[in-house]
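Residues per chain, in single letters:
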Amino acid sequence: FLEPMTANIISGHRKVPPYGLHGGGAGSTGCNYVEHADGTVTKLSGVDQMELQAGDVVVIETPGGGGCN
């Protein structure tokens, strides 16, 4: 029997995309979520806390960088 675990995440650029330099376009925002063992998905904010059970997977999609001309 495995005990549940509490996890925290602190991440940026989840609402506002990274900016570009010298006229380059903005990058893409990132995304955090948990894929639970039962198949459900819980979206997380940039700063969040979650209870994890055995078999849950934390997914962190990092933001793309802004462009530079």
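In this text the structure is predicted, and so the values were computed from the model without any measurement.

Reading the values: the criteria
Residues numbered from 1 in each chain as written. Predicted model: local features only at pLDDT ≥ 70, side-chain atom pairs only at ≥ 80, totals over all residues. Heavy atoms only, no water. Pairing = 2+ DSSP bridges. Helix = DSSP H or I, 4+ residues; strand = E, 2+ residues; numbered from the N terminus. Axes fitted to C-alpha atoms, helices over the stretch in contact; angles between N-to-C directions. Core = buried A, V, L, I, M, F, W, Y, C linked by side-chain atoms within 4.5 Å. Buried < 20%, exposed > 50% of the residue type's maximum accessible area, 1.4 Å probe, protein only. Contact = heavy atoms within 4.5 Å. Polar contact = N/O pair within 3.5 Å; in protein donor to acceptor, adjacent residues only side chain to side chain. Lys, Arg positive; Asp, Glu negative; His and termini not counted. Salt bridge = Lys/Arg side-chain N within 4 Å of Asp/Glu carboxyl O.

Draft legend 1. View of the sheet that holds strand β2 (residues 31–35). Spatially, 3 strands are ordered β3-β2-β5 in an open sheet, and the strand pairing comes out antiparallel. Looking at which strands have only one partner, the edges of the open sheet turn out to be β3 (41–44) and β5 (57–61). Strand-to-strand, the axes of this sheet are offset by a mean angle of 20°, without reference to chain direction.

Draft legend 2. Seen up close, the nonpolar core. Residues A7, I9, V34, L44, M50 and L52 constitute the largest nonpolar core, which totals 6 residues. Contributions of two or more residues to this core are made by β1 (5–10) and β4 (47–52). Contact partners of A7, with chain neighbours within four places excluded, come to D48, Q49, M50 and L52.

Draft legend 3. A look at the side chain of N32. Within the fold, N32 resides in strand β2. Here R14 takes part through its side chain, which lies 3.0 Å from a polar atom of the side chain of N32. In terms of polar contacts, N32 uses its side chain to reach the backbone carbonyl oxygen of S45, at 3.3 Å. Beyond its immediate stretch of four places on either side in the chain, N32 contacts I9, S11, R14, K43, L44, S45, G46, V59, I60 and E61.

Draft legend 4. Representation of the side chain of R14 within the structure. When you line up the elements, R14 lands in the loop between β1 and β2. Lacking a salt bridge, the buried R14 has E61 as its closest oppositely charged neighbour, with an N-O distance of 8.3 Å. Beyond its immediate stretch of four places on either side in the chain, R14 contacts T29, G30, C31, N32, G46, I60, E61, T62 and P63.

Draft legend 5. Main features of the environment of Y33. When you line up the elements, Y33 lands in strand β2. Residues Y33 and N69, 36 residues apart in the sequence, show an inter-C-alpha distance of 33 Å. If we skip the residues at most four places from it in the chain, Y33 touches V41, T42, K43, L44, V57, V58, V59 and E61. Among the polar contacts listed, one links the side chain of Y33 to the side chain of E61, at a separation of 3.2 Å.

Draft legend 6. The arrangement of the environment of P4 in detail. By the element assignment, P4 lies in the segment before β1. Taking the C-alpha atoms as reference, P4 lies 15 Å from D38; in sequence the two are 34 residues apart. When neighbours within four sequence positions are excluded, P4 is seen to be in contact with E51, L52 and Q53.

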